[in-house]
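# Observations on chain architecture
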Amino acid sequence: MLIAGSLVIAVLAVPAFMLVTSGSLVLALLGQFLFVLCLCTYGGGCYTFFVEIFTTRTRFTSAAVSYNVGYAIFGGTAPFMGTWLVDATGMNASPGIYVAIAAAIVFLILVFTNVPETHPLKRRTTRGADS
């Protein structure tokens, strides 16, 4: 879900932002709906991913710190980045480019890295199949 969601966000963020900034209420709602569907696809797997990448002993602290620090950095600066991008480019949908680039980076990280299995029973099964 993370791979599919990040790919869909990377592809559809700019068109969704273009619809939102079109000046038409119907198109703006369509753009928001499109973007929310993309985010839900990604977000549906996000919390399971946190459970898988951290050990049981540090899971809640690790997930909370990494999620909230990332959210503060990127979510907290997003309005400023969006305003700056619109001013710098003169294009109202330019924040979509920012979102698309971030999603593309996440997509590449997910595709080219290996998430370790943390569940003890699945780990044994996986190791046995590889041997």
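Look a little higher up for the structure.
Computed from a predicted model, the values in this text were never measured in an experiment. (Residues numbered from 1 in each chain as written. Predicted model: local features only at pLDDT ≥ 70, side-chain atom pairs only at ≥ 80, totals over all residues. Heavy atoms only, no water.)

## Side note on the environment of Gly96
Inclusion rule: Each helix is a run of H or I in the DSSP string that is no shorter than four residues. Each strand is a run of E no shorter than two, and both are numbered from the N terminus. Contact criterion: two residues are considered in contact whenever any of their non-hydrogen atoms come within 4.5 Å of each other.
Here Gly96 lies in helix α4 (residues 94-112). Along the chain, Gly96 and Pro15 lie 81 residues apart, while their C-alpha atoms are 7.8 Å from each other. Non-local contacts of Gly96, meaning those with residues more than four positions away in its chain, are made with Ala13, Val14 and Phe17.

## Details of the nonpolar core
Our working definition: For this analysis, a nonpolar core means a set of buried residues of the types Ala, Val, Leu, Ile, Met, Phe, Trp, Tyr and Cys, connected via side-chain atoms within 4.5 Å. Burial status follows relative accessibility: with a 1.4 Å probe on protein chains alone, a residue under 20% of its type maximum counts as buried, one over 50% as exposed, and anything between as partly exposed.
Within the largest apolar cluster, seven residues are counted, these being Ile9, Ala13, Ala16, Phe35, Cys38, Ala100 and Ala103. Looking at this core, the elements with two or more residues in it are α1 (2-20), α2 (25-53) and α4. Looking at which element gives the most residues to this core, the answer is α1, with three residues. Apart from residues no more than four positions distant in its own chain, Ala100 is found in contact with Ile9, Ala10, Ala13 and Val14. Residues Leu2, Cys46, Ala63 and Leu110 belong to the second largest nonpolar core, which totals six residues.

## Points about the packing of α2 against helix α3 (residues 59-89)
Our working rule: Axis geometry follows a simple rule: fit a line to the C-alpha atoms, using only the stretch in contact for helices, then measure angles between N-to-C directions, giving values from 0 to 180 degrees. Working definition: roughly parallel below 35 degrees, roughly antiparallel above 145 degrees, roughly perpendicular at 65 to 115 degrees, and oblique for all remaining angles. Crossings are sorted by hand: turned counterclockwise from the far helix by less than a right angle, the near helix makes the crossing left-handed, and turned clockwise it makes it right-handed.
Put simply, α2 and α3 touch, their axes get as near as 9 Å, and they point 130 degrees apart. In terms of orientation, α2 lies oblique with respect to α3. The two elements α2 and α3 meet at a crossing, and its hand is right-handed. From α2, Tyr47, Phe50 and Val51 reach across to α3, where they touch Arg59, Ala63, Ser66 and Tyr67.

## Remarks on the packing of aromatic side chains
Keep this limit in mind: By convention, a stacked pair of Phe, Tyr or Trp rings (six-membered ring in the case of Trp) has centres within 6.5 Å and planes under 30 degrees apart, an edge-to-face pair has planes over 60 apart, and any other such pair is tilted.
The tally for this structure, following the rule as stated, stands at two aromatic pairs. On the basis of an interplanar angle of 80 degrees and a centroid distance of 5.6 Å, the ring pair of Phe17 and Phe35 is categorised as edge-to-face. With Phe17 in helix α1 and Phe35 in helix α2, the pair connects residues that are 18 residues apart, well separated along the chain. With relative accessibility at 17%, the residue Phe35 sits in the buried group. Centre to centre, the rings of Tyr67 and Tyr71 are 5.9 Å apart; their planes meet at 20 degrees, and the pair counts as stacked. With a gap of four residues between them, Tyr67 and Tyr71 both fall in helix α3, about one helical turn apart. Its relative accessible area of 31% is what places Tyr67 among the partly exposed residues.

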